[in-house]
Amino acid sequence: MNVPAGENKVAKQSPLYSRDTHPEDTIIKVGNALIGGGNFTLIAGPCAIEDEQLLIETAQKVRDGGAHILRGGAFKPRSSPYSFQGLGIQGIKLLEQARKASGLPIITEIMDPNAAEMLDEHVDIIQVGARNCQNFTLLKRVGQCKKPILLKRGMMNTLQELLMSAEYIMSEGNHNVILCERGIRTFETATRNTLDLSAVPVLKAQTHLPIIIDPSHAVGHSQYVAVMARAALAVGADGVMVEVHGRPEDAWCDGDQSLTPQQFSEMVDQLRPIADIIGMKM
Ligand code: PEP
Ligand code: MN
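Before going into details, it helps to say that this report is about the structure given with it.

Parameters and conventions
Residues numbered from 1 in each chain as written. Chains lettered and ligands numbered in written order. Predicted model: local features only at pLDDT ≥ 70, side-chain atom pairs only at ≥ 80, totals over all residues. Heavy atoms only, no water. Donors = N, O, S within 2.8 Å, 3.2 Å for Na, K, Ca; no water. Helix = DSSP H or I, 4+ residues; strand = E, 2+ residues; numbered from the N terminus. Buried < 20%, exposed > 50% of the residue type's maximum accessible area, 1.4 Å probe, protein only. Near = heavy atom within 4 Å. Polar contact = N/O pair within 3.5 Å; in protein donor to acceptor, adjacent residues only side chain to side chain. Areas by Shrake-Rupley, 256 points an atom, 1.4 Å probe, with all protein chains shown as cover. Nonpolar A, V, L, I, M, F, W, Y, C, P; charged D, E, K, R; others polar. Expected span 1.5 Å × (residues − 1). Arc of directions from axis to C-beta. Pairing = 2+ DSSP bridges. Axes fitted to C-alpha atoms, helices over the stretch in contact; angles between N-to-C directions. Contact = heavy atoms within 4.5 Å.

1. Here's the deal with the coordination of the manganese ion (ligand 2)
Moving on, step 1. Within the protein, Cys47 (SG), His217 (NE2), Glu243 (OE) and Asp254 (OD) serve as the donor atoms for the manganese ion (ligand 2), at 2.0 to 2.4 Å.
Moving on, step 2. Mapped onto the polypeptide sequence, the residues donating to the manganese ion (ligand 2) form the spacing pattern C-x169-H-x25-E-x10-D. A residue pair is termed long-range when its members are at least 10 positions apart, and Cys47 in the loop between strand 3 (41-45) and helix 2 (52-65) and Glu243 in strand 10 (residues 239-243) qualify at 196 residues.
Moving on, step 3. With a relative accessible area of 1%, Cys47 lands in the buried category.
Moving on, step 4. Judged by relative accessible area, which is 1%, Glu243 ranks as buried.

2. Description of the site of ligand 1
Moving on, step 1. In the vicinity of ligand 1, the residues found are Arg71, Lys76, Pro77, Glu109, Gln127, Gly129, Ala130, Arg131, Lys152, Arg182 and His217.
Moving on, step 2. Taking Arg131, its side chain carries an N or O atom lying 2.8 Å from an oxygen atom of ligand 1.
Moving on, step 3. Relative to its unbound accessible surface of 290 Å², ligand 1 loses 97% to contact with the protein.
Moving on, step 4. Residues that form the shell around ligand 1 fall into these classes: two nonpolar, three polar and six charged.

3. A short note on helix 3 (residues 89-102)
Each full turn of the α-helix corresponds to 3.6 residues, which orients residues three or four apart in the same direction.
Moving on, step 1. The first and last C-alpha atoms of helix 3 sit 20 Å apart over 14 residues, in line with the 20 Å expected at 1.5 Å per residue.
Moving on, step 2. Among the residues making up helix 3, those that are buried are Gly91, Ile92, Leu94, Leu95, Ala98 and Ser102. Along helix 3, the residues classed as buried sweep out an arc of 160° about the axis, all on the same side.
Moving on, step 3. At the C-terminal side of helix 3, Gly103 shows a positive phi close to 80°.

4. Topic: the sheet that holds strand 5 (residues 106-110)
Moving on, step 1. One closed barrel accounts for eight strands, arranged 3-4-5-6-7-8-9-10; its pairing is parallel. In this sheet, neighbouring strand axes are inclined to one another by 30° on average, regardless of whether the strands run parallel or antiparallel.
Moving on, step 2. Across two bridges, strand 9 (residues 211-213) lies against strand 10 in parallel orientation. Residue Ile212 lies in a different strand from strand 10, and its bridge partner there is Gly239.
Moving on, step 3. Docked against the sheet, helix 10 (residues 261-278) engages strand 3 and strand 10, running at close to 170° with respect to strand 3.

Below, the structure is given as structure tokens:
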């Protein structure tokens, strides 16, 4: 088989994500929050941005409970076109108000490359969701953004594929990529997905990029979220992202897996002694 000379050359270079290219851990600074390099970062907030007052209250409560970054979706990837799709631009405005009210930096998901410029201007971290892990057009576009990108592993992607998706972003010039394991699809039905915690040590060996765990989307039930967050910390993750809603029973999206602000605070209280023992800053 004839391999084009150019292809051969590319294959021999170490990828940008690899520790051969960059041996030290990448540390990403967002507002006052640090991600990577011995910091355990807590990202919390509702699945979807719904209501101004509730979002602001939730933001202040998770901040008081120890969160470093506020999450909230304005463009939601829903399985059904008839489900709530998110508030769109209006949601981004509410998220900015919640940033102002809480002092927390904000993260939200991008679905459409056409929204990249707007999101790059208005939010602090841009999330590429599991369903877009191999949307190469979107990955290249966010690679041109200034803001850090949180890249979720697709529910059917290998770790090598996740790393190559990170490479798509980095190859466009944006080296501030945070990897996120959020559970993969298996035959198990007791949990929404199967949380692959072994992703953490495997990725740590191969990449300098920070790795966080999303236990909410992984397990799908609020009762299992805190224990898997503790496991994430123990296994060496750089942080967790959890869904928190002021009234989970009324949530428009993912209420079953959402913690109350009180449950979030309890989870953080359980994490602190573990962080102390293993020498992670929280
Ligand atoms: C989310 O974090 O809002 C989300 C949709 O998660 P995932 O892409 O992991 O399903
Ligand atoms: Mn969700």
